[in-house]
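Here are the chains, one letter per residue:
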Amino acid sequence: MDIFENRGSTLPVWFMRQAGRYHSHYQGIKKNSDFMTMCKNPELACEVTLGPIQDFGFNAAILFSDLLFPLEQLGMGLSYHSGPPTLEWHLQSKEDIQKLKLKAPGEEFYKFQGEACKLLRERLPKDVTLLGFVGAPFTLYTYAVEGSHAGNLVSAKQGLFDGRFEAFCNILMPELLKEMLVQANNGAQAVALFDTAAGELCVADYKEFIVPKITALLKEFKAKSPKTKVIYYSKHTQAGFIKALDLTNIDVIGVDWRCDLVEIQKLLPPHCFIQGNLDPAWLHLPNEIMLKKAAAYYQDLRDRGLDFKRWVAGLGHGVLIQTPEENVRTLVKLIQTQKI
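Residues numbered from 1 in each chain as written. Predicted model: local features only at pLDDT ≥ 70, side-chain atom pairs only at ≥ 80, totals over all residues. Heavy atoms only, no water.

Draft legend 1. Region of the structure containing the pairing of strand E6 (residues 273–278). With 6 of 6 residues buried, E6 lies mostly within the body of the structure. By the bridge criterion, 3 bridges tie strand E5 (residues 252–254) to E6 in an arrangement that is parallel. When the bridges of E6 are listed, Val252 appears paired with Phe273. With respect to chirality, the unit in which E5 leads through helix H12 (residues 261–266) into the neighbouring parallel E6 is right-handed. Note that E6 and strand E7 (residues 311–315) share 5 bridges and pair parallel. (Buried < 20%, exposed > 50% of the residue type's maximum accessible area, 1.4 Å probe, protein only. Helix = DSSP H or I, 4+ residues; strand = E, 2+ residues; numbered from the N terminus. Pairing = 2+ DSSP bridges. Right-handed = clockwise from strand over helix to strand, strands pointing away.)

Draft legend 2. How the structure looks around the state of the cysteines. Per the stated rule, a full pass over the model turns up 0 disulfides. Between Cys202, a free cysteine, and Cys259, which holds the nearest cysteine sulfur, the sulfur-to-sulfur gap is 17 Å. Just so you know, Cys259 is unpaired, no disulfide at all, and the nearest cysteine sulfur is the one on Cys272, 13 Å from it. Taking relative accessible area as the criterion, Cys259 reaches 5% and is therefore assigned buried. (Disulfide = S-S within 2.5 Å.)

Draft legend 3. Highlighting the packing of aromatic side chains. Applying the stated criterion to the full structure yields 23 aromatic pairs. On the basis of an interplanar angle of 65° and a centroid distance of 5.0 Å, the ring pair of Phe15 and Phe58 is categorised as edge-to-face. Of this pair, Phe15 sits in the segment before helix H1 (24–30) while Phe58 sits in the loop between helix H3 (42–56) and strand E1 (60–62); the two residues are 43 residues apart in sequence, bridging distant segments of the chain. You can call Phe15 buried: its relative accessible area is 0%. Each ring, one from Phe138 and one from Phe165, has its centre 6.2 Å from the other, and the planes form 70°; the classification is edge-to-face. (Phe/Tyr/Trp six-rings, centres within 6.5 Å; stacked < 30°, edge-to-face > 60°.)

Draft legend 4. Structural context of the environment of Ile231. Take Ile231: it is sitting in strand E4 (residues 229–234). With 41 residues separating them in the primary sequence, Ile231 and Ala190 have C-alpha atoms 7.1 Å apart. Excluding residues within four positions of it along the chain, Ile231 makes contact with Phe4, Trp14, Leu131, Ala190, Val191, Ala192, Leu193, Val252 and Gln275. (Contact = heavy atoms within 4.5 Å.)

Draft legend 5. Quick look at the sheet that holds E7. The strand order across the open sheet built from 7 strands is E1-E2-E3-E4-E5-E6-E7, with neighbouring strands paired in parallel fashion. Across the chains shown, the open sheet's two edge strands, defined by having one partner strand only, are E1 and E7. Averaged over neighbouring strand pairs, the angle between their axes works out to 25° when direction is ignored. Looking at chain direction, strand E3 (residues 190–195) and E4 are connected through 6 bridges and run parallel. (Axes fitted to C-alpha atoms, helices over the stretch in contact; angles between N-to-C directions.)

Set out below in structure tokens:
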């Protein structure tokens, strides 16, 4: 079942990072493996992805992988140790673009994701939607320049004007398209484009530099995979960013907890769903307080006219580490009692 088309009478839900460090199932697999292996071994990626579906009953499964693999494909030496991901070098000048070299044809490099998607589609219940995902161009560029999207991003923002962003995208964009198609062609019913660095920009720069890249990528993807839904999620963004987007080839807009779902939904065309957006920190509250706040939140959305038929419930970002599993379990049950 595609939760974006063939929905039942209750509200569907999935969480970003629903398969992650907070979950005992994930930790059990991690004891005998490492992050890179868990992503690149299709059997392990499938098993990690299935865990929260079997435990919490989410309506969608999202491929267990990482958005930075295109940077490894471009020869930037991606590695994962005990801390954040690291690259061997960064794009400090436009001349550094010349150092980018593809490791393999995209269809071959991203094959591990395709094999994991194929396994998942075979093993998932038919009423659970399979989601793939990739990093958005600006977010991947920010990692390539800064090593993360934390801080003031001065160098990354300078690169919008000195040619680095444009030159980087010329190499990256075909790879992103191939990665999305590998996932879609092997069973992903939707592919999410995660733009977690987008909100660090002003709306004017976002509109001038970022929107054209998103628009071009999604136009080409939809031409090749018209039945696959596209989710676009941006963090720290507000209504002005949504207004700047070309929504023609976007089926779902995901927003964080800083946005008012009712107001954002009013900006969307009829074909476009909204997704989100509880604060993940609420899941660290005592269970009864979390449920009381969440129930009041959903009632407020209903009272103010949110169209529940065009909404996929979730968090405003990923499940945080050390989130109590019982809170996840009870919140999912609460959401799934909401009639649409």
